[in-house]
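Structure at a glance
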Amino acid sequence: MSVALTPRLRSHWLDEPAARFRQDVWRGLKLRPKQIPSKYFYDAAGSALFDQITTLREYYLTRTETSIMRRARRAMAAALGSNVWLIEYGSGSSTKTRTLLDELDAPAGYMPVDISRDHLRESAARIAADDPGLRVIPVCGDFTRRLRLPAEHKAAFRRIVYFPGSTLGNFTPTEAAGLLRRTARLVGPGGGMLLGLDCKKAPAILHAAYNDRAGITAQFNCNVLARINRELDADFALNSFDHYAFYDPARGRIEMHLVSSCDQAVHVAGQPFTFAAGEPIRTECSYKYGARDWRALARKSGFRIERVWTDRRHWFAVIYMTVV
Ligand code: AVJ
């Protein structure tokens with residue numbers, strides 16, 4: 001379905017049916033360990049909590065990436081070239097994007113793709129209002145699946161997928177390679193990808209970033225249960241699940257869990273699920289990348305790395321790659 005907001009701002013809502021959410025939760029709670037896909041964090045409340053996380057002292061990711069974007073925006077714009085169509089995955093509130101869009105030479109258009117509809121609508125409208133010459137086509141959809149994007153970008157000289165925020169970290173290495181291969185096919189020869197990745201670093205720093213003292217990350221984690229209660233007619237007792245997040249240096253990933261504090265039964269859309277005291281639900285994996293990791297990933301998926309921008313401490317990297 002397309003909704004005309006303004007002639008320049010034609011939105012596409014490729015929403016998943018509510019049945020898919022229920023199916024994913026049922027399926028995940030039957031796995032051992034139990035799991036809930038992390039993309040379901042981002043309802044309105046979850047997106048607001050995530051925005052709050054990005055301002056936390058311990059959560060260095062967003063701040064670091066934003067400063068890399070500010071410092072390197074000229075070089076990035078020069079590398080990307082003129083008349084590009086920018087497609088953004090997981091655009092959220094699009095603050096970093098504006099830094100880039102402002103610097104690009106005569107961009108052909110901007111297509112933000114996000115699963116969180118209200119967030120997307122607001123940020124797309126803001127960008128369109130700020131830049132009256134720019135075509136903005138927001139697409140509400142799930143880029144973890146095969147997406148059929150509206151065709152407008154095909155008219156552009158060059159397509160660039162911007163995937164900031166280390167959101168790729170939520171994919172397993174196999175899934176990440178699959179997503180990049182599909183992206184390479186989407187942008188085609190001469191197209192490119194600008195990818196923001198959180199780097200491997202001392203486990204204590206990573207640990208702190210997912211265990212903030214104010215407890216916002218814990219709220220963000222628990223919010224997915226509140227969402228399931230509300231949208232899937234479930235009865236999770238929110239205060240009987242505890243936030244637990246840790247870094248596994250062998251796998252190079254943060255894992256977030258919600259751990260049941262007692263033996264209990266929960267119903268989700270009529271289906272019962274039992275939890276033993278101490279049993280976890282894994283709600284997120286967040287992979288961290290070293291140079292070797294992103295080189296291997298690019299090679300596997302048909303990209304050539306053109307440039308890498310990073311901060312002084314090498315805590316975060318923004319990688320520009322083109323299709324070979
Ligand atoms: C949006 C996936 C990059 O993994 O750091 C923040 C989400 N989870 N705090 C991340 C998140 C817990 C975030 N990403």
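Structure: see above.
Keep in mind that this is a model prediction, so the values were computed, not measured. Sequence order as written defines residue numbering, which begins from 1 separately in each chain. Note on the predicted model: pLDDT of at least 70 is required for a residue's local features to be given, and 80 or more for side-chain atom pairs to be given and counted; whole-chain, interface and lining totals, by contrast, use all residues. Side-chain calculation: all heavy atoms of the structure are included, whereas hydrogens and water are not.

So, about the site of the ligand. Of all residues adjacent to the ligand, which total 14 residues, the nearest are Tyr59, Gly165, Tyr210, Glu284 and Ser286. Two N or O atoms count as a polar contact when they lie within 3.5 Å, although within protein this holds only if one can serve as hydrogen donor and the other as acceptor, and sequence-adjacent residues are included solely when both atoms are side-chain atoms. Contacts to the ligand include Tyr59, whose side-chain N or O atom sits 2.5 Å from an oxygen atom. One nitrogen or oxygen atom from the side chain of Glu284 is found 2.6 Å from a nitrogen atom belonging to the ligand. Notes on the ligand: free accessible area 350 Å², of which the protein chains cover 98%. Labels follow the DSSP assignment, with helices taken as runs of H or I lasting at least four residues and strands as runs of E lasting at least two, numbered in each case from the N terminus. Sorting the residues of the shell around the ligand by element identifies helix 2 (44-53), helix 8 (216-231) and strand 13 (280-287) as the ones contributing at least two each. A class-by-class count of the residues in the shell around the ligand yields 8 nonpolar, 5 polar and 1 charged. All the domain ranges listed were derived from an automatic or database domain assignment. Split by domain, the residues of the shell around the ligand number at least three in each of domain 1 (2-13 + 56-201 + 288-323) and domain 2 (29-48 + 210-287). Any residue with at least one heavy atom within 4 Å of a molecule or strand is counted as near it. For every accessible area listed, the method is Shrake-Rupley and the probe measures 1.4 Å; residues are considered covered only by the protein chains on display. As a working rule, the residues Ala, Val, Leu, Ile, Met, Phe, Trp, Tyr, Cys and Pro are called nonpolar, Asp, Glu, Lys and Arg charged, and the rest polar, with Gly in that last group.

On to the pattern of salt bridges. For salt bridges, the criterion is a side-chain nitrogen of Lys or Arg within 4 Å of an Asp or Glu carboxyl oxygen. One pass over the full model with this rule turns up 18 salt bridges. In this structure, the salt-bridge partner of Lys200 is Asp293, at a minimum N-O distance of 2.8 Å. In this pair, Lys200 is assigned in the loop between strand 8 (192-198) and helix 7 (203-209) and Asp293 in helix 9 (residues 291-301), connecting sequence segments 93 residues apart. With a shortest N-O distance of 2.8 Å, Glu255 and Arg253 are connected by a salt bridge. For the residue pair Glu255 and Arg253, the accessibility class agrees, reading buried in each case. Through salt bridges that share partners, Asp43, Arg227, Arg230 and Glu231 make up one connected network. A 1.4 Å probe rolled over the protein chains alone gives each residue an accessible area, and that area as a share of the maximum for its type sets the label: buried under 20%, exposed over 50%, partly exposed in between.

Glancing now at the side chain of Thr62. Considering the arrangement of structural elements, one finds Thr62 in helix 3 (residues 60-80). Those residues in contact with Thr62 that lie beyond four places of it in its chain are Thr54 and Lys96. The contact criterion used throughout is that any non-hydrogen atoms of two residues lie within 4.5 Å.

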